[in-house]
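Spelled out from the first residue to the last, the chains are:
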Amino acid sequence: MKLIYDVLIVGSGVSGLYCALNLNPSLNILVISKEDISNNNTYLAQGGISTAKGKEDISVFIEDTLRAGQYKNKLESVEILANESIDNIESMVNYGLNLDKINGEVAFTKEGAHSVNRIVYSKDTTGKAVFETLIEEANKRKNITLYEYTCLTDIITTNGKCIGGIVIKDQQEIIICSKVVVLATGGIGGLFKNSTNQRHLTGDGLAIALKHNIKVKDINYIQIHPTAFYEENSESRKLLISESVRGEGGKLLNKHGERFVDELLPRDIVSKAIFKQMKKDNREYVYLDVTHLEDKYLKNRFSFIYEQCLIRGTDITKDYIKVAPAQHYFMGGIEVDLDSKTSMDNLYAVGEISCTGVHGANRLASNSLLEGLVFSKRASNHINENIDNIDISHINYNEFKIDLLNLSNKDIVLNEIKSIRGDLKDELLAN
Ligand SMILES: Cc1cc2nc3c(=O)[nH]c(=O)nc-3n(C[C@H](O)[C@H](O)[C@H](O)COP(=O)(O)OP(=O)(O)OC[C@H]3O[C@@H](n4cnc5c(N)ncnc54)[C@H](O)[C@@H]3O)c2cc1C
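An unreviewed UniProt entry lists the protein under the name L-aspartate oxidase, with Romboutsia faecis as the source organism. Quoted verbatim from the Catalytic activity (unreviewed entry) field of UniProt, the annotation for the protein is "L-aspartate + O2 = iminosuccinate + H2O2". Under Sequence similarities (unreviewed entry), UniProt gives the following word-for-word description of the protein: "Belongs to the FAD-dependent oxidoreductase 2 family. NadB subfamily."

Structure representation (structure tokens):
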């Protein structure tokens, strides 16, 4: 079976959907998701979205992002992220995103390594609010088709150009003929036994890039979040205890109830300190304490975390929360330029699977949703300007043999990560 679209977008998270919405409405767009349309990391985001608070904050925001990234970031990308942050947040608000307010003004919270409060949020379920806003808008657009439970297994290429993708839907293989493909396949957390990510996100976009010798970058930069809820013998996705809990005063304690680290240092440093403390204490967790904060405040500000911990037997208003580090985010990925173009013509990568260089070696908290917005919008602009020059009408898609590889996409990425990050094997990798 064959279907023809102008643009195929693989992924229905913030970057895939925002890219679709910013494409010219005259373009015929297909957005696919491997599982249920809302099953993505975007939906899980809790803390919020970073943004420059105004012109005067731009240089400070840039410096905070560079410092957290250990100055391994690409400066031009960081400048774009900060400079274009305000406009993109405004666009989201115009689509209907409901941000928390204090006295009628948008509220800003703080997270680790930000020198000022500059994170906008929607309670502690910002990602759900972002996803719902985008999908509602996408559903209104006649030029956007959404297919759930549809998995991209490979892209189709000719003469070094991408001309579509092969997807499996209802156990049937479908050839998608498209002028442009946008990979928005999210992170790689599904490869780890301890991860806060959706289990089906196993870096499929990265595997496809590796298969086709498309440039990839910084594969060794994998972020371990300091505080995931500890559950003994659980193989499911780990519940994230957002950094904003520490931002709002949560304290990390050892088995004697003593603090052992500055909770607001960058994530990699806090994670290392926790691993060290766990060894010292001979335990698989440390404690996060918010019992000194007011019950009413906790239940309102962190209602999701409060409820989810309660379901797991911990009342955060009274009990210490058992936490341990878990894989959380992938800073590396498919190398892209400032318009999110990959090294292959007519192939773009956006969101967590791309490497814009914004995050360097360590992502500053809440910069991921923002990167998804800023750089997928830039991808859309570039596609809008160039798509008329792409012609696939002469291509006979029946000529392409489907090259089914022995290794699954999951194994390709797992092997690559293992070869680069041998240190993660014992602690976190799935096998
Ligand atoms: C628990 C948690 C909390 C977080 N909190 C924050 C926060 O507060 N602020 C922040 O900025 N960031 C946060 N992040 C990170 C942020 O949510 C993600 O990095 C971001 O949402 C990724 O967006 P995305 O569009 O790249 O991918 P995702 O939203 O993960 O979407 C990936 C999509 O790709 C699809 N897909 C994958 N492979 C295939 C395939 N082969 N075929 C078809 N479809 C495929 C999936 O089905 C899915 O639709 C958090 C992450 C987690 C896990």
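That shown, we press on.
### Details of helix α7 (residues 204–211)
Since there are 3.6 residues in each turn of an α-helix, residues three or four apart along the chain are aligned in direction. Across the eight residues of α7, six count as buried, placing the element largely inside the fold. Restricting attention to buried positions, one finds in α7 the residues Asp-204, Gly-205, Leu-206, Ala-207, Ile-208 and Ala-209. Residues of α7 that are buried in the fold lie against β8 (150–158), β10 (172–183), β11 (216–217), β15 (321–330), β16 (333–335) and α13 (409–420). Following α7 by one or two positions, Asn-213 adopts a phi angle in the positive range, close to 55 degrees.

### Let's talk about the sheet that holds strand β13 (residues 251–253)
With antiparallel pairing, the four strands of this open sheet are ordered in space as β12-β15-β14-β13. Among the strands making up the open sheet, the edge pair consists of β12 (222–229) and β13. Across the sheet, the mean angle separating the axes of adjacent strands is 45 degrees when strand polarity is ignored. As paired elements, β12 and β15 share six bridges and run antiparallel to each other. Bridged to Phe-229 within β15 is Val-323.

### Here we look at the pattern of salt bridges
A full pass over the atoms with the stated rule returns 19 salt bridges. A salt bridge links Glu-137 to Lys-140; its shortest N-O distance comes to 3.3 Å. Taken together, the positions of Glu-137 and Lys-140, both in helix α6 (residues 126–140) and three residues apart, correspond to about one turn of that helix. On the basis of relative accessible area, Lys-140 is assigned to the exposed category, the value being 55%. Across the pair Glu-263 and Arg-259 runs a salt bridge whose closest N-O atoms are separated by 2.6 Å.

### Topic: the sheet that holds β11
Read from one edge of the open sheet, three strands run β11-β16-β18, paired in mixed fashion. Looking at strand neighbours, the two that pair on one side only are β11 and β18 (354–355), the edges of this open sheet. As paired strands, β11 and β16 are joined by two bridges and run antiparallel to one another. Residue pairing for β16: Lys-217 is matched across the bridge by Gly-333.

### With respect to unusual backbone geometry
The phi dihedral of Tyr-71 is positive, around 60 degrees, even though this residue is not glycine. Backbone geometry at Asn-346 places phi at a positive 65 degrees, although glycine is not the residue there. Structurally, Asn-346 can be placed in the loop between β16 and β17 (347–349). Asn-346 sits in the buried class, given a relative accessible area of 18%.

### Comments concerning the nonpolar core
Within the largest apolar cluster, 54 residues are counted, with the highest numbers of intra-cluster contacts made by Val-7, Ile-9, Ile-29 and Val-182. Here this core gets seven residues from one element, more than from any other, and that element is helix α12 (residues 367–386). Discounting chain neighbours no more than four positions away, the residues touching Val-182 are Val-7, Leu-8, Ile-9, Val-10, Cys-19, Tyr-348, Val-350 and Ile-383. Formed by 36 residues, the second largest nonpolar core is a distinct cluster that contains Tyr-5, Ile-155, Val-167 and Ile-334.

### Examining the domain arrangement of the protein
What the domain assignment reports for the protein is domain 1 (2–221 + 331–419) and domain 2 (224–327). The centre of domain 1, based on its C-alpha atoms, is set 29 Å off from the matching centre of domain 2. Between domain 1 and domain 2, the contact holds 26 residues from the first and 25 residues from the second. Between domain 1 and domain 2 lies a buried interface of about 2200 Å² when both sides are counted; carbon and sulfur atoms form 47% of it. Per-residue buried area on domain 1 facing domain 2 is highest for Gln-46, Asp-124 and Thr-196; these three make up 28% of the total on that side. Connecting domain 1 to domain 2 are zero salt bridges. Inspection of the domain 1/domain 2 interface yields 18 residue pairs in polar contact (both at pLDDT 80 or more).

### Topic: the side chain of Glu-111
By the element assignment, Glu-111 lies in the loop between β5 (105–106) and β6 (119–120). Buried charge without a salt bridge: Glu-111, with Arg-267 as the nearest opposite-charge side chain at an N-O distance of 4.9 Å. For Glu-111, the side chain forms a polar contact with the main-chain nitrogen of Ser-244, separated by 3.2 Å.

Rules behind the numbers
- Residues numbered from 1 in each chain as written.
- Predicted model: local features only at pLDDT ≥ 70, side-chain atom pairs only at ≥ 80, totals over all residues.
- Heavy atoms only, no water.
- UniProt positions renumbered as here; feature names shortened; annotations may be inferred.
- Buried < 20%, exposed > 50% of the residue type's maximum accessible area, 1.4 Å probe, protein only.
- Helix = DSSP H or I, 4+ residues; strand = E, 2+ residues; numbered from the N terminus.
- Contact = heavy atoms within 4.5 Å.
- Pairing = 2+ DSSP bridges.
- Axes fitted to C-alpha atoms, helices over the stretch in contact; angles between N-to-C directions.
- Salt bridge = Lys/Arg side-chain N within 4 Å of Asp/Glu carboxyl O.
- Core = buried A, V, L, I, M, F, W, Y, C linked by side-chain atoms within 4.5 Å.
- Domains from an automatic or database assignment.
- Buried area = accessible area lost by both parts, 1.4 Å probe.
- Polar contact = N/O pair within 3.5 Å; in protein donor to acceptor, adjacent residues only side chain to side chain.
- Lys, Arg positive; Asp, Glu negative; His and termini not counted.

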